[in-house]
Amino acid sequence: MTAIDPDVFDKEARRARLFTRINKADAWFKVFGLSWLTPILKAAAGDNPRAQFGEIWRLLGVPLLAIAVFLMLWATLAPRVQTSLGAVPGPAQVWEQVGALQQDAIREGERAAAFYERQEARNAELIANGNEDRVRDRVYTGKPTYYDQIWTSIKTVFFGFLIASIVAIPLGIAAGLSVTANAALNPLIQIFKPVSPLAWLPIVTMIVSAVYTTNDGMFSKSFLISAITVTLCSLWPTLINTALGVSSIDKDLVSVSRVLKMNTYTKITKLVLPSALPLIFTGLRLSLGVGWMVLIAAEMLAQNPGLGKFVWDEFQNGSSQSLARIMVAVFTIGIIGFLLDRVMYALQSMFTFSNNR
């Protein structure tokens, strides 16, 4: 029998552990859209570099090449299209407006800081002169920056999505468990699911304006109008997928729950939700994507604060930089939509990780 060199054995054991870690990390790389990191790490570890370079080219090289071709076509064709605001801006002009919006945000931040400094100095002077009753703390009401608009849209879509999920998941569970509940909900789903946000918006606007009469509440009217519109349009994918997931549970498991005489709460938490979770998360991802698209349209039509209003304001502005700024917003909307989907996919992977390994 040939003796095994301990050094060789230790080296191979370390290498095996390294590849095990890389394979475990690969699941999370896929979640965050970084699957191209896996072949890079494997190539660096010496695992068939030639094959790994082929994977790197497929996962990273090809997408980068496609982006480069897109940018070249855009830069070449854009100047040939003339609009009322001049030629369609190319990548360089759009990137220039990214910097301009950043500078606008910096200047607005400086003005806000100067406002609060003046207010603090004034209040200190009033206190020193014994006029504490005249001290006021006011909020700076300057023009919202591009980043403020982004943050407003993100808060609104998550609020509307949360309400939609709270409504849709219980209804979906009921529809999946009960034939009667499914028969009751199905006509409503088929009628209201195709309705455009542009049809819901005036109804929501009138109802919120009539019911929410306070001016100093926790939420502004514009925020509630946009959020509720998002809710009405985005709850359907979650509701449908939840009902489908619950109704698809193995009938043997349902029979076991009857034998064990599980109450409704235990049946839902221990049996229904774990089995239906993958489809529920699929519905949530679809709902969040729908909500994000609906929100931009609602903000444009209702002139509510957010990225949609930013696009409409720039369109109405009609300056030479407006078209480039609208394109900045388009890319921003697309990138945020992608990141929102990645966030939901990461949550899905955390709660249903066994399905992704």
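On a predicted model such as this, the values are computed, not experimentally measured, just so you know.

1. Points about the overall build of the chain
For step 1, the next point in the chain: The helix and strand inventory of the chain stands at 12 helices and two strands.
For step 2, the next point in the chain: Taken from N to C terminus, the helices and strands of the chain fall in the order α-α-α-β-β-α-α-α-α-α-α-α-α-α.
For step 3, the next point in the chain: Summarising its shape, the C-alpha atoms of the chain cover approximately 95 × 60 × 55 Å along the three principal directions.
For step 4, the next point in the chain: Out of the 357 residues in the chain, the part that is buried amounts to 33%.
For step 5, the next point in the chain: Within the chain, counting contacts between residues at least 6 apart in sequence, those at least 24 apart form 68% of the total.
For step 6, the next point in the chain: Per element, the accessible surface of the chain, about 21600 Å² overall, is 65% carbon and sulfur.

2. Brief notes about the environment of A75
For step 1, the next point in the chain: Within the secondary structure, A75 is located in helix α3 (residues 49–77).
For step 2, the next point in the chain: Separated by 15 residues in the primary sequence, A75 and G90 place their C-alpha atoms 4.9 Å from one another.

3. Examining a positive patch on the surface
For step 1, the next point in the chain: Taken together, R14, R17, R21 and K24 make up a surface patch of like positive charges.
For step 2, the next point in the chain: One can find K24 in helix α1 (residues 6–31).

4. Details of the packing of aromatic side chains
For step 1, the next point in the chain: On inspection of all chains with the given rule, the structure shows 11 aromatic pairs.
For step 2, the next point in the chain: Clustering of aromatic rings is evident, with ring pairs tying together F70, W74 and F331.

5. A closer look at the nonpolar core
Soluble globular proteins: nonpolar side chains tend toward being buried together.
For step 1, the next point in the chain: Core analysis: the biggest nonpolar cluster contains 41 residues, and Y146, V157, W292, L307 and I336 have the highest contact counts within it.
For step 2, the next point in the chain: Of all the secondary structure elements, the ones that give two or more residues to this core are α4 (91–128), α5 (146–177), α8 (221–247), α10 (264–302), α11 (307–317) and α12 (322–351).
For step 3, the next point in the chain: When residues of this core are assigned to their parent elements, the largest contribution, 12 residues, is made by α10.
For step 4, the next point in the chain: Ignoring sequence-local partners within four residues, the contact set of W292 consists of S153, I154, V157, L307, I333, I336, G337 and L340.

6. A look at a nonpolar patch on the surface
For step 1, the next point in the chain: A surface patch of nonpolar side chains, amounting to about 760 Å² of accessible area, comprises L64, I67, F70, L71, F331, I335, F338 and L339.
For step 2, the next point in the chain: Every element with two or more residues in the nonpolar patch is listed here: α3 and α12.
For step 3, the next point in the chain: Along the polypeptide, I67 turns up in helix α3.

7. A few points about the packing of α5 against α10
For step 1, the next point in the chain: Two elements in contact, α5 and α10, have axes separated by 8 Å at closest approach and are oriented at 140°. The angle between α5 and α10 places the two elements in the oblique class. The handedness of the crossing between α5 and α10 is right-handed. In this structure, α5 contributes S153, I154, T156, V157, F158, F161, S165, I169, I173 and L177 to the contact, and α10 contributes K267, I268, V272, L273, I280, L284, S287, L288, G291, W292, L295 and E299.
For step 2, the next point in the chain: Its residues assigned to classes, the contact of α5 with α10 shows 15 nonpolar, five polar and two charged.

8. Concerning helix α7 (residues 197–211)
For step 1, the next point in the chain: Relative to the 21 Å expected for 15 residues at 1.5 Å per residue, α7 spans 20 Å between its end C-alpha atoms, a close match to the ideal helical length.
For step 2, the next point in the chain: By the burial criterion, the buried members of α7 are P197, W200, L201, V204 and V208. Projected down its long axis, α7 shows its buried positions confined to an angular sector of 105°, all on one face. Across α7 from its buried face, at more than 90 degrees, point the exposed residues M206 and A210.
For step 3, the next point in the chain: Elements that come into contact with the buried residues of α7 comprise α6 (179–192), α8 and α10.
For step 4, the next point in the chain: Put simply, S196 is the residue that caps the front of α7, since its side-chain oxygen is 3.1 Å from the backbone nitrogen of L198.

9. Topic: the environment of I280
For step 1, the next point in the chain: As for its placement among the helices and strands, I280 is situated in helix α10.
For step 2, the next point in the chain: Its relative accessible area of 3% is what places I280 among the buried residues.
For step 3, the next point in the chain: Expressed as a C-alpha distance, the spacing of I280 and L244, which sit 36 residues apart in the sequence, is 8.7 Å.
For step 4, the next point in the chain: Among all residues touching I280, those that are not within four sequence positions of it are I169, T242 and L273.

10. A short note on the pattern of salt bridges
For step 1, the next point in the chain: One pass over the full model with this rule turns up eight salt bridges.
For step 2, the next point in the chain: Among the ionic pairs, D104 bridges to R325, the shortest N-O distance being 3.2 Å. In this pair, D104 sits in helix α4 while R325 sits in helix α12, placing the two residues 221 residues apart along the sequence.
For step 3, the next point in the chain: You can call R325 buried: its relative accessible area is 15%.
For step 4, the next point in the chain: Notably, a salt bridge pairs R285 with D341, separated by 3.0 Å at the nearest N-O pair. Of this pair, R285 sits in helix α10 while D341 sits in helix α12, placing them 56 residues apart in sequence.
For step 5, the next point in the chain: Given a relative accessible area of 25%, R285 falls into the partly exposed group.
For step 6, the next point in the chain: Linked by salt bridges that have partners in common, D104, R107, E314 and R325 make up one network.

11. Re α11
For step 1, the next point in the chain: Those residues of α11 that fall on the buried side of the exposure criterion are L307, G308, F310, V311 and E314. Summarising the axial view, the buried residues of α11 lie within an arc of 165°, below the 170-degree limit, and thus occupy one face.
For step 2, the next point in the chain: Against the buried residues of α11 lie α4, α5, α10 and α12.
For step 3, the next point in the chain: Of the residues flanking the end of α11, it is G318, one or two places downstream, whose phi is positive at about 70°.

Parameters and conventions
- Residues numbered from 1 in each chain as written.
- Predicted model: local features only at pLDDT ≥ 70, side-chain atom pairs only at ≥ 80, totals over all residues.
- Heavy atoms only, no water.
- Helix = DSSP H or I, 4+ residues; strand = E, 2+ residues; numbered from the N terminus.
- Buried < 20%, exposed > 50% of the residue type's maximum accessible area, 1.4 Å probe, protein only.
- Contact = heavy atoms within 4.5 Å.
- Areas by Shrake-Rupley, 256 points an atom, 1.4 Å probe, with all protein chains shown as cover.
- Patch = residues over 30% accessible without salt bridge, like charges linked within 9 Å, V, L, I, M, F, W, Y side chains within 5 Å.
- Salt bridge = Lys/Arg side-chain N within 4 Å of Asp/Glu carboxyl O.
- Lys, Arg positive; Asp, Glu negative; His and termini not counted.
- Charge placed at Lys NZ, Arg CZ, Asp CG, Glu CD.
- Phe/Tyr/Trp six-rings, centres within 6.5 Å; stacked < 30°, edge-to-face > 60°.
- Core = buried A, V, L, I, M, F, W, Y, C linked by side-chain atoms within 4.5 Å.
- Axes fitted to C-alpha atoms, helices over the stretch in contact; angles between N-to-C directions.
- Parallel < 35°, antiparallel > 145°, perpendicular 65-115°, else oblique.
- Left-handed = near helix turned anticlockwise from the far one by under 90°.
- Nonpolar A, V, L, I, M, F, W, Y, C, P; charged D, E, K, R; others polar.
- Expected span 1.5 Å × (residues − 1).
- Arc of directions from axis to C-beta.
- Polar contact = N/O pair within 3.5 Å; in protein donor to acceptor, adjacent residues only side chain to side chain.

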